Amino acid sequence: MDAYDEGSNARHGPDAPSRPAPPPEQGAPADAAEPYPLGEPRTGVAALSPRYQIVVALALAVVAIGVCVHLGMTFLHVAPANTVTKTHGEAVDDWIYPEFEQNWKLFAPNPLQQNISIQVRAGVRGPDGMTLTTGWYDLSAEDGRAIDGNLLPSHTQQNELRRAWDFFVATHDSENRPVGLRGSLSESYLRRIMVLRLDRDDAVRAATGGAGVIERVQVRSRTSNVPPPPWSREKVSTTPSYRELPWWKVSRDEAGGGVR
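Everything in this summary refers to the structure shown in the same document. (Residues numbered from 1 in each chain as written. Predicted model: local features only at pLDDT ≥ 70, side-chain atom pairs only at ≥ 80, totals over all residues. Heavy atoms only, no water.)

1. Examining the overall build of the protein chain
The cut-off we apply is this: Labels follow the DSSP assignment, with helices taken as runs of H or I lasting at least four residues and strands as runs of E lasting at least two, numbered in each case from the N terminus. Each residue is placed in one exposure class: buried if its accessible area under a 1.4 Å probe, protein chains only, is under 20% of its type's maximum, exposed if it is over 50%, and partly exposed if it falls in between. In what follows, residue pairs with any heavy atoms lying within 4.5 Å of each other are defined as contacts. Note on areas: these come from Shrake-Rupley sampling with a 1.4 Å probe, and a residue is covered only by the protein chains present in the view.
Counting its secondary structure elements, the protein chain contains seven helices and eight strands. Of all 260 residues assigned to the protein chain, the portion counted as buried reaches 22%. Contacts spanning at least 24 positions in sequence make up 58% of the contacts within the protein chain whose residues lie at least 6 apart. Element-wise, carbon and sulfur atoms account for 56% of the exposed surface of the protein chain, whose accessible area totals about 19700 Å².

2. Things to note about the nonpolar core
As a reminder, the rule being used: What is meant by a nonpolar core is a set of buried Ala, Val, Leu, Ile, Met, Phe, Trp, Tyr and Cys residues, joined one to another through side-chain atoms within 4.5 Å.
In terms of nonpolar packing, the biggest core is built from 23 residues, with V120, L190, M194, L198, I214, V217 and V219 touching the most fellow members. For this core, the elements supplying multiple residues, two or more each, are β3 (114–125), α4 (155–170), α5 (183–200), α6 (203–208) and β6 (213–225). The greatest single-element share of this core, amounting to five residues, is contributed by α5. Every residue in contact with L190, bar those within four places of it in the chain, is listed here: A164, W165, F168, V219, L245 and W248.

3. Let's talk about the packing of aromatic side chains
The line we're drawing: Here a pair means two rings of Phe, Tyr or Trp (six-membered ring of Trp) with centres within 6.5 Å. Their orientation is stacked below 30 degrees between planes, edge-to-face above 60, and tilted elsewhere. Whether a charge sits over a ring depends on NZ of Lys or CZ of Arg being within 6 Å of the ring centre and within 35 degrees of the ring normal.
Under the counting rule described, the total for this entry stands at two aromatic pairs. Plain terms: the ring middles of W165 and F168 are 5.6 Å apart, the flat faces sit at 25 degrees to each other, and that makes the pair stacked. With W165 and F168 both in helix α4 and three residues apart, this pair spans about one turn of that helix. In terms of burial, W165 and F168 fall into one category: buried. Ring pairs connect the aromatic residues W165, F168 and W248, which therefore count as one cluster. Over the face of the ring belonging to W247 we find R216, whose NZ or CZ atom lies 4.1 Å from the ring centre. Above the plane of the ring of W136 lies R220, whose end atom (NZ or CZ) is 4.1 Å from the centre.

4. Remarks on the packing of helix α1 (residues 50–78) against helix α2 (residues 83–96)
Short version of the rule: To get an axis, fit a line to the C-alpha atoms, keeping to the stretch in contact for a helix; angles then go from 0 to 180 degrees between the N-to-C directions. Should an angle lie under 35 degrees it is considered roughly parallel, over 145 roughly antiparallel, and from 65 to 115 roughly perpendicular; all remaining angles are considered oblique. Crossing handedness is defined as follows: a turn of the near helix away from the far one that is anticlockwise and smaller than a right angle gives a left-handed crossing, while the clockwise case is right-handed. Think of it as three bins: nonpolar holds Ala, Val, Leu, Ile, Met, Phe, Trp, Tyr, Cys and Pro, charged holds Asp, Glu, Lys and Arg, and polar takes everything else, Gly as well.
Two elements in contact, α1 and α2, have axes separated by 9 Å at closest approach and are oriented at 120 degrees. By the criterion of interaxial angle, the relationship of α1 to α2 is oblique. Considering how the two elements wind past one another, α1 and α2 form a crossing that is left-handed. Two secondary-structure elements touch here, α1 through V69, H70, M73, T74, L76 and H77 and α2 through V84, T85, V92, D93, W95 and I96. Its residues assigned to classes, the contact of α1 with α2 shows seven nonpolar, four polar and one charged.

5. Remarks on the packing of α4 against α5
One can describe the packing of α4 onto α5 by two numbers: an axis separation of 9 Å at closest approach and a directional angle of 150 degrees. Here α4 is positioned roughly antiparallel relative to α5, judged by the angle of their axes. The handedness of the crossing between α4 and α5 comes out as left-handed. Note on element contacts: α5 touches α4 through L185, S186, E187, Y189, L190, I193, M194 and R197, opposite E160, L161, A164, W165, F167 and F168. Its residues assigned to classes, the contact of α4 with α5 shows ten nonpolar, one polar and three charged.

6. Examining the pairing of β6
In summary, the side chains of a regular strand alternate between the two faces of the sheet. Short version of the rule: Two strands are said to pair when DSSP picks up at least two bridges between them.
Here twelve bridges tie β3 to β6, and the two strands are oriented antiparallel to one another. Bridging across to β6, G123 finds its partner in R216. Relative to strand β8 (residues 248–249), β6 runs antiparallel, the two sharing two bridges. When the sheet's bridge partners are listed, R216 is paired in β8 with K249. Relative to strand β7 (residues 241–244), β6 runs antiparallel, the two being bridged by four bridges. Directly across from R222, in β7, lies its bridge partner Y242.

7. A closer look at α4
Worth spelling out the cut-off: For a helix, the expected span equals 1.5 Å multiplied by the residue count minus one.
Taking 1.5 Å per residue, 16 residues should reach 22 Å; α4 reaches 21 Å between its end C-alpha atoms and fits that length. Residues N159, L161, A164, W165, F167 and F168 constitute the buried set of α4. Where the residues of α4 are buried, they touch β3, α3 (139–147), α5, β6, β7 and β8.

This is the structure in structure tokens:
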């Protein structure tokens, strides 16, 4: 049985008609729809105004162009002669010199195509006063074996012997005569290295079977051409050539491992 609300004649109950909800009062907050969260604040270039963003973009473009031009000029400077460098070589030099001068080349004009090994033998005086001559010690091969498979080879193993020989060749003529004031210096430097290496290899004990002293040393180089690859038609001789230096006397201090 339906009930009526006195004063409003409104009927309540399961059969009562539904009424629309009254409109919200003006100024009251709407609870049905929650506001979306605000976005994160902009940072970096995006936080700038459009005018300053254009300025930054132009500055970055200028820097990128400058870097590309500098890399291109440097490449042309160190690259072999070509059509561009022949036509615009003066412009390249004006860009490079003097601030960006390079003293190396991108491609070696004359790559080394020879294997050069340094060998030494010694004259050893034994306790009986007799002088015996040892066989040839291939010091370059010893350094190669020490470097092969070594993740951290020493500077001595890689460069000492090679640089000493280059120093000697640069200060001597084809007849092994010193040229200039550094000729005698290169001889003493190379000789001391030979004596130290022979002592490390225990050449005295190998020659005399016991005690002894190194009286003199002789150095030679063995040069052989690197064979060309299988696909090359180039023909080169692989017969080694030797350059023997004269015997050098070893002082007592050097023979004892000291330099005085």
